[in-house]
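Chains, contacts and geometry: an overview
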Amino acid sequence: CLDDSSIYYTVIKGEDSKLYKRDYDSKKATLIYTGNMTFDFVKNLDNTLYFTQFNESSSKVVLFALIPGQRKLTVLTTDKITLNETERTSTAVSDVVEINGDIYYQYGTHQGSGSYWYGILKKIDSGTNKKSVISEALYEEQIYHNDSSIFYSGTESSGKYYKYNIKT
C-alpha cells in the first residue's frame, strides 16, 4: 500500500509477517511491525492505513491504524471472538469506513463449502471511543454507505435488506 511519501509492504518468512516502510526517495526500508501470517492490509482512507491481524491463541482480531508520519501501528480495537473449527485461521477485518468521524468496521470468516462470508459490523464512536454492534449477521464483505446510512443484507435471508441510519 502507498501513502503520499512512502510504500508499505509485507514480507512473510516462516510464520512471521513483517511490515516495512520505504520512503520513495530512499532505498532503505524500516521495519514497522512483526506479526503472524494473518497480518494483512485492509484499506487506505485519507492516507490512514488500516491493517488487521488475527491471533488464534487468544481468539482476538485486531484492527490497527498507521497515520502518515508515524513509524508505529496504533491499535484501534481488539475483538475477542468465539470460533468453531472452520474459522481458526480465516477471521479478518474485511472493510473499514469513516463516516462523520466515526469508524465502522466489519470482521468475520468465510465458511462452508461455498466459502460464504459471515460478518459482524461494529462502530467506534469518535467522541467516546465506545464500540457498538450494528449487525451480527452480514453476508457481504464490503460496507456500502453514503453520508447518512449504511446498507447491508443479513445472513438470515438473501431477500432482506437493511438501512442503518448513522444519525439516529
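Heads up: the structure comes first, above all this text.
Residues numbered from 1 in each chain as written. Predicted model: local features only at pLDDT ≥ 70, side-chain atom pairs only at ≥ 80, totals over all residues. Heavy atoms only, no water.

Considerations on the pairing of strand S2 (residues 16-23)
- When strand S1 (residues 6-13) meets S2, the two strands line up antiparallel, connected through 8 bridges. Note that in S2 the partner of Tyr-8 across the bridge is Lys-21.
- Between the end of S1 and the start of S2, which pair antiparallel, lie 2 residues, with Gly-14 showing a positive phi angle near 65°.
- Pairing of S2 with strand S3 (residues 30-36), which is carried by 6 bridges, proceeds in the antiparallel orientation. Each bridged residue has a counterpart across the sheet, and for Leu-19 the counterpart in S3 is Tyr-33.
- A loop of 6 residues connects S2 with S3, the two strands running antiparallel in sequence. (Pairing = 2+ DSSP bridges. Helix = DSSP H or I, 4+ residues; strand = E, 2+ residues; numbered from the N terminus.)

Description of the environment of Ala-65
- Position of Ala-65 relative to the elements: it lies in strand S6 (residues 60-66).
- Measuring from C-alpha to C-alpha, the distance between Ala-65 and Leu-49 comes to 5.6 Å, with 16 residues separating the pair along the chain.
- In this view, Ala-65 contacts Thr-48, Leu-49, Tyr-50, Lys-72, Leu-73, Thr-74 and Leu-76; residues no more than four positions away in its chain are not counted. (Contact = heavy atoms within 4.5 Å.)

Here we look at empty space enclosed by the protein
- Scanning the entire structure with this criterion turns up 1 cavity of 30 Å³ or more.
- For the largest cavity, the calculated volume is near 60 Å³.
- Taken together, Gln-106, Leu-121, Leu-138, Glu-140, Gln-142, Ile-143, Tyr-144, Ile-150, Phe-151, Tyr-152 and Ser-153 form the lining of the largest cavity.
- Ranked by the residues each element gives to the lining of the largest cavity, the list is headed by strand S13 (residues 149-153), at 4 residues. (1 Å grid on protein atoms, 1.4 Å probe; cavity = no way out; pocket = protein on both sides within 12 Å on 5 of 7 lines; lining within 4 Å. Points joined across faces, edges and corners; volume = space filled by probe spheres on them.)

Some details on the packing of aromatic side chains
- For the structure shown, the criterion picks out 8 aromatic pairs.
- Between Tyr-33 and Phe-64, the ring centres sit 5.1 Å apart and the planes meet at 55°, which makes this aromatic pair tilted. Separated by 31 residues along the polypeptide, Tyr-33 in strand S3 and Phe-64 in strand S6 bring together distant segments of the chain.
- Site record: aromatic cluster; members linked through ring pairs are Tyr-33, Phe-39, Phe-41, Phe-51 and Phe-64. (Phe/Tyr/Trp six-rings, centres within 6.5 Å; stacked < 30°, edge-to-face > 60°.)

What about the sheet that holds S13?
- Strand order in the open sheet formed by 3 strands is S12-S13-S14, with antiparallel pairing between adjacent strands. The sheet is open, and its two borders are formed by strand S12 (144-145) and strand S14 (161-165), each paired with just one other strand.
- Examined bridge by bridge, S13 and S14 share 5 bridges and lie antiparallel to one another. In the sheet register, Ile-150 faces S14, and the bridge partner there is Tyr-164.

Thoughts on the nonpolar core
- Counting 14 residues, the largest nonpolar core has Tyr-50, Leu-63, Val-93, Val-96, Tyr-105 and Tyr-107 as its most contacted members.
- Among the secondary structure elements, those contributing two or more residues to this core are strand S4 (40-45), strand S5 (48-55), S6, strand S8 (92-99) and strand S9 (102-111).
- Once you skip the residues sitting within four places of it in the chain, Leu-63 turns out to touch Tyr-50, Phe-51, Thr-74, Val-75, Leu-76, Thr-77, Val-93, Val-96 and Tyr-105.
- Counting residues in hydrophobic clusters, the runner-up holds 11 residues, among them Tyr-33, Leu-49, Val-62 and Leu-73. (Core = buried A, V, L, I, M, F, W, Y, C linked by side-chain atoms within 4.5 Å. Buried < 20%, exposed > 50% of the residue type's maximum accessible area, 1.4 Å probe, protein only.)

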